[in-house]
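# Structure at a glance
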Amino acid sequence: MTVTSIVPEGRTRYAVTVDGEGGFVLYQKELSEYRIREGEELSEETLAEIMRKVLPRRAKLRCLNLLKSRSYTEKQLAEKLRAGKYPEAVIEEALSYVKSFGYVDDAAYARSYAEDQIEKKSVRRIAEELQRKGVDRGLIEEALLFVQERDGGQDEEGMIRRLLEKKHFDPETADFAEKRRIQAFLMRKGFTADGIRRAMNG
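Residues numbered from 1 in each chain as written. Predicted model: local features only at pLDDT ≥ 70, side-chain atom pairs only at ≥ 80, totals over all residues. Heavy atoms only, no water.

Here is the rule we go by: UniProt positions are given in the numbering used here, feature names are shortened, and annotations may be inferred rather than shown by experiment.
As named in an unreviewed UniProt entry, the protein is Regulatory protein RecX, taken from Candidatus Eisenbergiella pullistercoris. What UniProt states about the protein under its Function (unreviewed entry) heading is, verbatim, "Modulates RecA activity."

Structure below.
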């Protein structure tokens, strides 16, 4: 195997490409330790050690450091690691590690997110946001069902009316253009057309 390129990634980190594909990031001292130089051969033993020892340890620490500040879904953590140019096998190992300790739990994340947002956004909007965060649809449905059953369901009309009050919207004096703007605003929030109509006609 041949080291195709070594490209700086900041002051002390370098992206290493082997045989023109894939790649990973090492620090300057690791390049020296493993004697990795552009255009020279890289033994299978050396590459295996990097993939088995160096990168997995660093990826796990990266996950743990990220999780100190806030919760992440599995997909979000994977995207962070991909941005750091970790190979897919290393990403899978790091995710399995943090999941084994319960540090990453998409079901718990979905429930916590739904609980926090249920008074601020529509159920549909919450579901869309969780999907973008990579949470499985089944877990989203379970989380929303749990929160709504516990709290007695979401009062969509009440939420819309409170938003209309904040916007100082008066259906008696609003012209057609203002009504269209408010409707578009509420649709972006994820509220249903029927709920919007009932609240605006209130």
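Past the structure itself, the notes keep going.
### Focus: the UniProt feature "domain: RecX first three-helical" (unreviewed entry) in the protein
The line we're drawing: Elements are defined by DSSP. Helices are runs of H or I of four residues or more, strands are runs of E of two residues or more, and each kind is numbered from the N terminus.
Under the present numbering, the feature "domain: RecX first three-helical" (unreviewed entry) in UniProt falls on residues 59-96. Between the C-alpha atoms that bound residues 59-96 there is a distance of 11 Å. The span itself is 79% helix and 0% strand.

### Description of helix α3 (residues 74-83)
What counts is decided by this rule: Working definition: with a 1.4 Å probe on protein chains only, accessible area under 20% of the residue-type maximum means buried, over 50% means exposed, and in between means partly exposed. Any two residues having at least one pair of non-hydrogen atoms within 4.5 Å are treated as being in contact.
Three or more residues of α3 are buried, namely Gln76, Leu77, Ala78 and Leu81. Contacts from the buried residues of α3 go to α2 (44-69), α4 (88-100) and α5 (106-117). Of the residues one or two after α3, Lys85 is the one with positive phi, at around 65°.

### Comments concerning empty space enclosed by the protein
Convention followed: Only protein atoms enter the 1 Å grid, on which a cavity is a set of points fitting a 1.4 Å probe that cannot get out and a pocket is an open set with protein on both sides within 12 Å along at least 5 of 7 lines, lining residues being those with an atom within 4 Å of a point. Grid points are joined across faces, edges and corners, and a volume is the space filled by probe spheres set on the points. Residues are grouped as follows: Ala, Val, Leu, Ile, Met, Phe, Trp, Tyr, Cys and Pro are nonpolar; Asp, Glu, Lys and Arg are charged; every other residue, Gly included, is polar.
Applying the stated criterion across every chain, the model contains 1 cavity of 30 Å³ or more. One number sums up the size of the largest cavity: a volume of about 30 Å³. Considering the residues around the largest cavity, the lining is formed by Arg13, Val25, Leu55, Arg58, Gly84, Lys85 and Tyr86. A breakdown of the residues in the lining of the largest cavity according to their chemical character gives 3 nonpolar, 1 polar and 3 charged.

### Description of the side chain of Ser122
Using the following cut-off: Polar contacts here mean pairs of N or O atoms no more than 3.5 Å apart (in protein, one a potential hydrogen donor and the other a potential acceptor; neighbouring residues in sequence count only if both atoms are side-chain atoms).
Residue position: Ser122 is located in the loop between α5 and α6 (123-132). Using a relative accessible area of 1% as the deciding quantity, one classes Ser122 as buried. Among the polar contacts listed, one links the side chain of Ser122 to the backbone nitrogen of Arg125, at a separation of 3.0 Å.

### Some details on the layout of surface pockets
Of the pockets and cavities examined, the largest pocket occupies roughly 190 Å³. In terms of lining, the largest pocket is formed by Arg13, Tyr27, Arg58, Leu61, Arg62, Asn65, Lys80, Gly84 and Tyr86. It is α2 that contributes the most residues to the lining of the largest pocket, 4 residues altogether.

### Here's the deal with the UniProt feature "domain: RecX second three-helical" (unreviewed entry) in the protein
Under the UniProt annotation, "domain: RecX second three-helical" (unreviewed entry) lies at residues 105-144. Helix makes up 75% of residues 105-144 and strand 0%, with an end-to-end C-alpha separation of 16 Å.

### Brief notes about unusual backbone geometry
Negative phi characterises most residues that are not glycine, and trans characterises most peptide bonds. Even without a glycine there, the phi angle at Asp19 is positive, about 55°. Mapped onto the elements, Asp19 comes out in the loop between β2 (13-18) and β3 (21-27). The exposure class of Asp19 is partly exposed, given its relative accessible area of 43%. At Arg35, a position not held by glycine, the phi torsion is positive, near 55°. Positionally, Arg35 belongs in the loop between α1 (28-33) and α2. Of the residues examined, Arg35 reaches a relative accessible area of 63% and is grouped as exposed.

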